[in-house]
Amino acid sequence: MKYRFTLLKSFSVLLLMMMLTGIAQLASAQTKINVKGVVKDATGNVLPGATVNIQGTTQSTTTDVNGTFKIEVAEGSTLKISFVSMVAKFIAVTKNTTTLNIVLEDSNKQLNEVVVVGYGTQKRSDVTGSVTTVPKSRLSQLPVTNVLQAVEGAVAGVTVTTTSSIPGRQPSVTVRGQNSISAASGPFVVVDGIPLTKSGGSLNDINPNDIASMEILKDASAVAIYGANGSQGVILITTKRGTTGKPVIRYNGYAGYENLGHILEPRDPASFTQKFLDYESQNHLTQQFPEPVYNNSERANYAAGRTIDWVKETTQQGFMQDHNLSVTGGTPDVKYFLSGDYLKQKGVIKGYQYNRASVRSNLDVNVTSYLSVGANLYFANNNYDGGRANLLNATAMSPYGNVYNADGTYTIYPMAPEQLYVNPLLGLTTNQINRSVNISGNGYAEVKFGGVLKGLKYRLNAGYTYLPTRVDGYSGRLANTPLGSATAVSSETNSYTLDNLLLYTRDFGKHRIDFTGLYSAQQRKYFISGIAGTGYINDELSFNQIGIGATVSGASVNGFSGSYSDRYALNSQMARLNYSYDSRYLVTLTVRRDGSSVFGANTSKYGWFPVAALGWNVSNEDFLKNSKLINNLKLRASYGKTGNEAVSVYRTITSDGTVRFPFNGVSTVGIQANNLGNGNLHWESTNQANIAADFSVLNRRISGTVEYYDSRTTGLLLNRALPTITGYNQVVDNIGKVANKGIEVTLNTRNIDGKDFRWESTIVFAANKNKIVALYGDGKDDIGNKWFIGKPINVIYDYKMTGVWQTGEDPSKQDPVAKPGDLKFADINGDGKITADGDRVILGQQDPKWTGGLTNTFHYKNFNLSIFVQTAQGMLKNNADLNYADESGRRNTPAAVGYWTPTNNSNEFQSLTYTNTRGYGYPRNASYTRIKDVTFSYVVPQRLLDKAGISGLTFYLSGRNLKTFTNWIGWDPEANYSTRGSGDWVNNYPQTRTIILGANISLK
C-alpha cells in the first residue's frame, strides 16, 4: 500500500512539472516587458508592502520600503495594484508600459473597506451598526494639538465645541445629542483596544501623528459591545503599526503663527471719555476733574495724550510648531513602529503655553504560526506652566491707566485710587507649575486554533496606565498678595484593563459566522494631596518651602482638606454574533452585562444591555447586480438598550464632612452632613432605534449615508430636593425620562474626475432634537434648574426683550418702575408688571438645531487644495459682553456694544444708568458659519527625489479658523466668556487663527 502511494505521489509530481514546463514555454513565447514603478497614496506618501499581481496568475511582488517595485510581465497582461484600505487599480500592460506612477485612493467611501468595530474589524458591507470613519485627510496636515479639533464639523452627528482655545485644552464632544441630564455626555475613548476614558488620561495625551484610523460608533448596535461605557457613543483610535520591509524613516513637521481670530475691540480713548461724560450726564453728576476721566492717576496721561492699548499689552504673536519622527519596518514575523513627537505652542495671550513630548513604540511578533504577541508602549509629558495675563481685566481698563511703576514693576492699580480693577499683567509675576505625565503600556497575546477548531482565536488584552500630575503655585507681593500665598497639589491615577476575548470566524458555503465573547475587568485608583500656606517674609522661596509660612493647612482638593482618594471598578461580560448569508442578509446580536462599583448595596450592581441589528445588501440581489444607476445599496436597522452609570463613586454612601468651630476658645474639629447616600441607585437605561441607508450611484460618483435615530432614556439619576429639616438639601435618585432623536446625512461626490484635474466634495448634515419627558414623577417643571417637561434639556428661560423704553413712552401699565433707557420686556401674563414668575418664557435652546460641513478638494497634477466650511445653526446663548451692570461708569466696554442716550434713542442697548436687577442674561443668536480650515499641498515628483535618496516629499500650507460669519457680538459664538463675577477669568481665551507651513518626508 505504501509503495502504491509513493508511486502515485511521484507520478503526480511528474505530471505537475510537465504542466508547469508547458505553461512556462507558452509564456516565454510571449513578449516580456520589465515594468517598474512606485505606489503612493493620494497625499504623496509611498506605500511599502503594496501588492502588484499579474491578473490570472500567482505571480506577484510587493513594493519595497520606498514604495517601488519591479516585475516582468507578458505584453497584454493586466497588473492589479492593491493595498489594505485602498481602492485597487488595474493597469493593462502594453509594449510602452515600462514605468508606472500609481496613486491609490483611500477606500473609506467604498463598502468593502475594512473598519474597526470594537474588538475586531469588519468589511464595511457587513456592518449593521452606525460606524463612521474619520477621513484620513483630517488626521494629517492640520495644526491641531488634539485630534478632536480635526473632527469638529466633519462628522455627521458628532458635535465638537471649542468653548476655550487655551493651549492644550481639550474640546467638548457629544455624539447624537444629550441622552442624560446630569451624566457626562462625552463619548467613551478606546486606543488600540484599551480604554483611555476613565483611566485619568485624555485625547490631549495622544499625538495625532500616531493615529492610523479613527472610527466613531454611534447607534446602540455599534456601541453595545462596550455596554455602559458606550451609552454616549464610542471613539475608537488605532495607532500606526509596523510593516514588512526595510526601515522607513518619516518626518512630519510644521511651524507657523497664531493670532486672535477676532478681537472685540474696547473703546478707543475718544469714545471712552465720551462714554464717561454721558454717564455723568445721565446720572446728573458733576465732573470731578477738568479732564473727562474718573480717577486722579489718569489725569496726567490724558493731559499728555499718553494712552495704553491694554489688549495689545496682554496679547502677543502666538507661535506653534510640531516635529514628528517615526521609523517603521520589520519582517513578516516581527514588525515595529517607533515614533517621537515634540509640540510647542506659545499662546496669543501672554503667559499661556503648552508643550508636549511623546514617544510611542508598537511591536507585533508572530512567535509561531499559531501564537502572536504584541506590545504598545506610550509616554506623554504635558506642560502647561506659567503665570497668565488676564484678558478680562484688559478689556475693562481705562486707556489712560498706567502699566508700570517708576521702578519697572507692574502697577497694581493702574487707575488709582480705583481698586475695582487690578493690572491684567500681574499674573505674569506668579510662579505656576502645571504638568501631567501619561505612561501607558498595553500588550496582547493571540492564539489561533487549527483542525476542527479552525477559525477560533483566543486573545488576551492587558493595559496599564499611570498618570501623575503636579500643580504648584505661588503669588507674592508683585501680584498684589502682600503676605504671599503658596499651594502644592499632586495626584496620581493608576488604572488597568484586562480583556479575555474568544473569537470565532468561519465560512460555510454562503454562510459566514463571526462570534466574539468577552470577559473584562477594569479598575482605577485615584489619590490627590495638597498643602497650602500664607504669610511669608519674602517671595524668594516661592512654593518650595510652604511649611515656613505663618499659616499652613491642607489645600482644598475635591472639596476635601489635604487629601482625597477613591476607587472605581467595572466587570463585564459580552457576546456578539454576526451572521451573513451570501453577503446579502446580515444579522448582529449583542448582549453585554456590566457591573459597576458606583451603585449601592440594595440593588444589583449589574445591568443587562441587549441589542439586535439587521442589514440587507440590496445591491447584491440579482435585480440590482447589473444596475448602471445603483452601484451599492444597503439598508440597516437596529434596536437595543445601553446603560449609563451617571454618578461618581461613593454617591450611594452617606458621608459626613469636617468643619472647624471655636469651643471654649479652642479651634475644634466637628462633623456636618455632607452626602446622603441612596443604596437603591441603579443604571440609567437608553433604548435606541436606528434605521439607515448606505448607497452609491452613477458609477460611484455619488455615495453616502442617511440615518434616523430615536432614543428614550429612563431612570435618570437626578438630585431630588429634600426638606432642610433632614439635614440634607438633596439626594440622588432614579427619576425622570429624556427623549432624543435626529437625522444624519453624509454625501460624497466626485464632481470632476479628469486625468489631470479632479474635484471631490463631502457634505455632512445633522439635526438633533432632545426633550425632557418626565422629571420627578409629579408632572411639574424644575424652574430652578431650567428643566421643562416637553422642552430641550438646555434652554434659555428668561424675559422676552422687546426694545428699550424711550423718552415720552408710558411704562406704567407694563413696567411701572421702568424709566427711559431701561430695557423693555414683554408682559407675558398681562398683569401690568414684569415678574420672574409670570413673564419669563423659553426663548430658545442652547444646543444647535442643526450642524453641517462642506469639504471641497481639488487635485491638479501634483497640487492639492482642500477647503472645509462648517456651520452650526439655531442656538441661543447668553451674552456676557452686553451686561456690565453698574461698572459702566468706570470700566471700558466693547466698541461694538452701544448705549442709549436721549439723542440716539437706541432700541437695542440700555442706558448707562440701567442696572440689571432682574438678572437678564442678554440671550442672542449664536449661529455661525466658519471657514474652518484650508490646506494647499504639493507632492514633489518622484523623478526629482530619486537622486537625493528621498522616496516621498510633500509640502503643505494650512490655515485654521480663517473667517467666521456671525451676528454674534463678542469674541466668538463658540467661546464661553466669563464675567468678572464668575471669577473664571483664566478660561477667557478666545478662538485663534493659525497659519502653518509643513512638510512630510520619507527617506529611502
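Because the structure is predicted, anything quoted here is derived from the model rather than measured.

Calculation criteria
- Residues numbered from 1 in each chain as written.
- Predicted model: local features only at pLDDT ≥ 70, side-chain atom pairs only at ≥ 80, totals over all residues.
- Heavy atoms only, no water.
- Core = buried A, V, L, I, M, F, W, Y, C linked by side-chain atoms within 4.5 Å.
- Buried < 20%, exposed > 50% of the residue type's maximum accessible area, 1.4 Å probe, protein only.
- Helix = DSSP H or I, 4+ residues; strand = E, 2+ residues; numbered from the N terminus.
- Pairing = 2+ DSSP bridges.
- Patch = residues over 30% accessible without salt bridge, like charges linked within 9 Å, V, L, I, M, F, W, Y side chains within 5 Å.
- Areas by Shrake-Rupley, 256 points an atom, 1.4 Å probe, with all protein chains shown as cover.
- Salt bridge = Lys/Arg side-chain N within 4 Å of Asp/Glu carboxyl O.
- 1 Å grid on protein atoms, 1.4 Å probe; cavity = no way out; pocket = protein on both sides within 12 Å on 5 of 7 lines; lining within 4 Å.
- Points joined across faces, edges and corners; volume = space filled by probe spheres on them.
- Nonpolar A, V, L, I, M, F, W, Y, C, P; charged D, E, K, R; others polar.
- Axes fitted to C-alpha atoms, helices over the stretch in contact; angles between N-to-C directions.

(A) Region of the structure containing the nonpolar core. Formed by 22 residues in total, the largest nonpolar core has its most connected members in V151, V158, L203, M214 and I216. Among the secondary structure elements, those contributing two or more residues to this core are α2 (147-151), β11 (158-161), β12 (172-175), β13 (188-191), β15 (211-217), β16 (234-239) and β21 (371-383). Judged by nonpolar contacts, the second largest core, of 21 residues, contains A183, A228, I528 and L570.

(B) Up close: the pairing of strand β17 (residues 245-260). As defined by bridge partners, β17 adjoins strand β18 (residues 318-330) across twelve bridges and the pair is classed as antiparallel. What sits directly across from N252, in β18, is N324. As paired strands, β17 and strand β51 (residues 992-1003) are joined by twelve bridges and run antiparallel to one another. Bridge assignment links R250 to a residue of β51, and that residue is S1002.

(C) Spotlight on a nonpolar patch on the surface. A cluster of nonpolar side chains, contributed by I752, F757, Y860, F863, F936, L957 and L997, occupies part of the molecular surface with about 630 Å² of accessible area. Along the chain, L957 turns up in strand β50 (residues 950-966). Look at L957 and you get partly exposed, because its relative accessible area is 43%.

(D) Here's a closer look at empty space enclosed by the protein. In this structure the tally under the stated criterion is nine cavities of 30 Å³ or more. Roughly 240 Å³ of volume is contained in the largest cavity. Taken together, 22 residues make up the lining of the largest cavity; nearest its centre are Q149, S165, E258, N961 and T992. Its residues assigned to classes, the lining of the largest cavity comprises six nonpolar, eleven polar and five charged.

(E) Here's a closer look at the sheet that holds strand β1 (residues 32-41). Here three strands make up an open sheet; going across it, the order is β4-β1-β7 and the pairing mixed. Edge positions in the sheet fall to β4 (68-74) and β7 (99-104), since each has one partner strand and no second. Direction aside, neighbouring strands of the sheet carry axes that sit 35° apart on average.

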